[in-house]
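Chain residues, written in single-letter form:
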Amino acid sequence: MSARRAVLLVGSARPRGTGNSEAIGSYLLERLAEGGMDTEVLHVSRTQRPEKERQLLQAVDGAELFVLSTPLYVDALPYLVTRSAERIAAHRTATPVPSAVGFVALVNCGFPEWEHTKTALEICRVFARQSGFAWMGGLGYGAGEAIGGRSLEEVGGLIRSLRQGLDVAAEALLAGRPVPEGAQALLARPMVPSRLYTVLGSIGWLRAARRKGTLGKLGDRPLE
Amino acid sequence: MNKGSDVTHATVDQGAVLPATRAVVLNGALRGDETLAPIESMLLELLRETGAGVRDFQLRDIPLAHCQGCFECWLETPGLCKVDGDAGREITGALIGSDLMVLLTPVTFGGYSSEIKKAMDRSICLVSPFFRRVGGEVHHKRRYRHYPALAGVGVLREPDEEQERIFGTLVERNALNLASPVTAVCVLPAGAPPTVVRERLAASLEPVLGHLARRVA
Ligand SMILES: Cc1cc2nc3c(=O)[nH]c(=O)nc-3n(C[C@H](O)[C@H](O)[C@H](O)COP(=O)(O)O)c2cc1C
């Protein structure tokens, strides 16, 4: 029997090892590996050249499960993810698809409410339908910036419910089932109250601006 | 860089005062897809009938880097993407200086094409990093005093109600985040006859065309 295989595509444009999507996707992938799956991680920023794109298409076609973990950009999937999705869909509709591949989407966003990710998750579902993937479900997560690109274990108790939700998702996916609704309920639990998150977020911007010497300029209107 | 537009800024050209750019169209057709061209012609016609100057960007022919997710447009060079030397600043400048932005795109999994996404991802410099609350949700504060109305014109190769619904939601969500005062959505079948295209565009875009005409007047 051939090994079960999961491929993670990280949708962030940020450098490898620094993004929140990578942290979330890697956590899920580790649970899948513990459950006996072979795993592979690809980054959307490194799969745009033709030869790398071929690798991505092959990896996806040869997988049992294709996992996308991506940030939300302007209410939808980022450019690099959209472009890859266009190429994957074109490839899988033009050539006979070798075997059934499941697709699961993890979308995190900067605002505290996970609901901002709903449209992107719907886009992922249509992508799955049009590309001949079995839709294994999607999970949205708000306040992704609080992860700060660290591994989810490192972030600690603040995001316990995110880890729990991903554990629930991994268990279902290992059993060949779609992500259950309970997993989204866990990811929907706010790590801190929304108002506190925005206060902390604003302090974060101000601190960063002070370091860069742009504190008085954050409201500039250079295009007016 | 500015292909297919008739007018850019209020200038005197051979004795005639040309109208200022008030509407910007981003054409997100992918390479090899010509289904958007007849719809774009009709759209430009309708926009010009309001008296507005129109600027039209054929995104696939324009050098534009993708957003790197670094937030330097909020921190290092507030209001400007740190990437200079491509069309990013020109496009965002045209958008924020306009009264109406139109996203013309093949409906792609219910959303925008990658070409539109590349331009839209670069638009976050138009808002502030700080937060405001709208309907119980957090969004970004405005950076500018004036924002354009937003219209989405999607072209579908085959009828698909699910994609149509998602497309409409996406345009509405963008309008919320970009503080657009008026929004409209139109989804058209590829290859529709010109009379149908004109009729449906005029009906669906009526709120934003009205907004544009009032701004021009
Ligand atoms: C261009 C751009 C657009 C974004 N748009 C949204 C948005 O519409 N809503 C939201 O909640 N967060 C938005 N974000 C925030 C990201 O989704 C968030 O920071 C995410 O955690 C980044 O993940 P990453 O580290 O994997 O790139 C945006 C970020 C960028 C860079």
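Residues numbered from 1 in each chain as written. Chains lettered and ligands numbered in written order. Predicted model: local features only at pLDDT ≥ 70, side-chain atom pairs only at ≥ 80, totals over all residues. Heavy atoms only, no water.

**Thoughts on the layout of surface pockets**
The volume enclosed by the largest pocket comes to roughly 1,200 Å³. Taken together, 49 residues make up the lining of the largest pocket; nearest its centre are G110, E145 and W205 of chain A together with F71 and W74 of chain B. Counting residues per element, the ones that place at least two in the lining of the largest pocket are α1 (20-34) and α8 (194-212) of chain A together with α2 (72-75) and β6 (127-134) of chain B. In the lining of the largest pocket, the residues fall into 25 nonpolar, 16 polar and eight charged. No fewer than three residues from each of domain 1 (5-191) and domain 2 (192-224) of chain A sit in the lining of the largest pocket. Size it by volume and the second largest pocket reaches roughly 910 Å³. Along its surface, the second largest pocket is lined by 34 residues, and E86 of chain A together with L30, P106, T108 and R157 of chain B are the ones closest to its centre. Elements with a contribution of two residues or more to the lining of the second largest pocket: α2 (50-61), α3 (79-94) and α4 (118-131) of chain A together with α4 (114-121) and β8 (149-156) of chain B. (1 Å grid on protein atoms, 1.4 Å probe; cavity = no way out; pocket = protein on both sides within 12 Å on 5 of 7 lines; lining within 4 Å. Points joined across faces, edges and corners; volume = space filled by probe spheres on them. Helix = DSSP H or I, 4+ residues; strand = E, 2+ residues; numbered from the N terminus. Nonpolar A, V, L, I, M, F, W, Y, C, P; charged D, E, K, R; others polar. Domains from an automatic or database assignment.)

**Thoughts on the packing of aromatic side chains**
Applying the stated criterion to the full structure yields 13 aromatic pairs over all chains. Relative to F133 of chain A, the ring of F127 of chain A has its centre 5.6 Å away and its plane inclined at 50°; by these criteria the two rings are tilted. Using a relative accessible area of 7% as the deciding quantity, one classes F133 of chain A as buried. Ring centres 5.4 Å apart and planes at 85° place the aromatic pair W205 of chain A and F71 of chain B in the edge-to-face group. Note that W205 of chain A is positioned in helix α8 and F71 of chain B in the loop between β4 (53-58) and α2, a pairing that runs across two chains. You'll find W205 of chain A and F71 of chain B in the same group, each marked buried. An aromatic cluster of at least three residues, connected via ring pairs, comprises F66, F103, F127, F133 and W135 of chain A together with F109 of chain B. (Phe/Tyr/Trp six-rings, centres within 6.5 Å; stacked < 30°, edge-to-face > 60°. Buried < 20%, exposed > 50% of the residue type's maximum accessible area, 1.4 Å probe, protein only.)

**Things to note about the site of the ligand**
Looking at the ligand, there are 22 residues lining it, with S12, N20, S21, N108 and E145 of chain A nearest. Residues near the ligand are shared among chains A and B, making this a multi-chain site. One of the side-chain nitrogen or oxygen atoms of R14 of chain A is found 2.8 Å away from an oxygen atom of the ligand. L72 of chain A places a main-chain nitrogen or oxygen 2.8 Å from an oxygen atom of the ligand. Contact with the protein chains hides 95% of the accessible area of the ligand, taken as 650 Å² for the molecule alone. A breakdown of the residues in the shell around the ligand according to their chemical character gives nine nonpolar, nine polar and four charged. (Near = heavy atom within 4 Å. Polar contact = N/O pair within 3.5 Å; in protein donor to acceptor, adjacent residues only side chain to side chain. Areas by Shrake-Rupley, 256 points an atom, 1.4 Å probe, with all protein chains shown as cover.)

**As for the interface of chain A and chain B**
Counting residues at the interface gives 48 residues for chain A and 52 residues for chain B. Across the interface of chain A and chain B, roughly 4,500 Å² is buried in total on both sides, 61% from carbon and sulfur atoms. Among the residues chain A hides against chain B, the three largest losses belong to Y79, W205 and L223 of chain A. Together they make up 18% of the total. One can count seven salt bridges joining chain A with chain B. Of the charged contacts, one joins E76 of chain B and K212 of chain A as a salt bridge, the two residues approaching to 3.1 Å between their closest N and O atoms. One can count 25 residue pairs in polar contact (both at pLDDT 80 or more) joining chain A with chain B. Only α3, α4 and α8 of chain A provide two or more residues apiece to the side of chain A that touches chain B. Considering each element in turn, the side of chain A that touches chain B owes the most residues, 10 residues, to α8 of chain A. Residues belonging to the side of chain A that touches chain B are distributed by class as follows: 22 nonpolar, 10 polar and 16 charged. (Contact = heavy atoms within 4.5 Å. Buried area = accessible area lost by both parts, 1.4 Å probe. Salt bridge = Lys/Arg side-chain N within 4 Å of Asp/Glu carboxyl O.)

**Topic: the environment of G144 of chain A**
Residues and elements named next belong to chain A. Tracing the chain through its elements places G144 in the loop between β5 (134-141) and α5 (152-155). Exposure remark for G144: the relative accessible area of 0% places this residue in the buried category. In this structure G144 touches N20, N108, C109, G110 and Y197, once residues within four positions along its chain are discounted.

**Considerations on the pairing of strand β5 (residues 100-106) of chain B**
All names here are of chain B. Buried residues dominate β5, accounting for seven of its seven residues. In terms of strand pairing, strand β3 (residues 21-27) meets β5 through five bridges, oriented parallel. Looking at the pairing, A23 lines up with L100 of β5. (Pairing = 2+ DSSP bridges.)

**Some details on α2 of chain A**
Residues three or four positions apart in an α-helix share a direction because the helix packs 3.6 residues into each turn. Residues and elements named next belong to chain A. Between its first and last C-alpha, α2 extends 16 Å over 12 residues, near the 16 Å set by a 1.5 Å rise per residue. Within α2, the full set of buried residues consists of E53, L56, L57, A59, V60 and D61. On the buried face of α2, the contacting elements are β1 (5-10), β2 (38-43), β3 (65-71) and α3. (Expected span 1.5 Å × (residues − 1).)

**Remarks on the confidence of the model for chain B**
Residues with a pLDDT of 70 or more make up 92% of chain B, whose mean pLDDT is 92. In the model output, the complex is listed with pTM 0.95 alongside ipTM 0.96. (pLDDT = per-residue confidence, 0-100.)

**Focus: the domain arrangement of chain A**
Each assigned domain of chain A is listed here: domain 1 (5-191) and domain 2 (192-224). One C-alpha centre belongs to domain 1 of chain A, the other to domain 2 of chain A, and the line joining them spans 29 Å.

**As for a positive patch on the surface**
Residues and elements named next belong to chain A. The grouping of R16, R46, R49 and K52 at the surface amounts to a positive patch. By the element assignment, K52 lies in helix α2. Overall, K52 belongs to the partly exposed group, its relative accessible area being 33%. (Patch = residues over 30% accessible without salt bridge, like charges linked within 9 Å, V, L, I, M, F, W, Y side chains within 5 Å. Lys, Arg positive; Asp, Glu negative; His and termini not counted. Charge placed at Lys NZ, Arg CZ, Asp CG, Glu CD.)

**Here we look at a nonpolar patch on the surface**
Taken together, the side chains of L196, V199, L200 and I203 of chain A present a nonpolar region at the surface, about 330 Å² in accessible area. As for its placement among the helices and strands, V199 of chain A is situated in helix α8.

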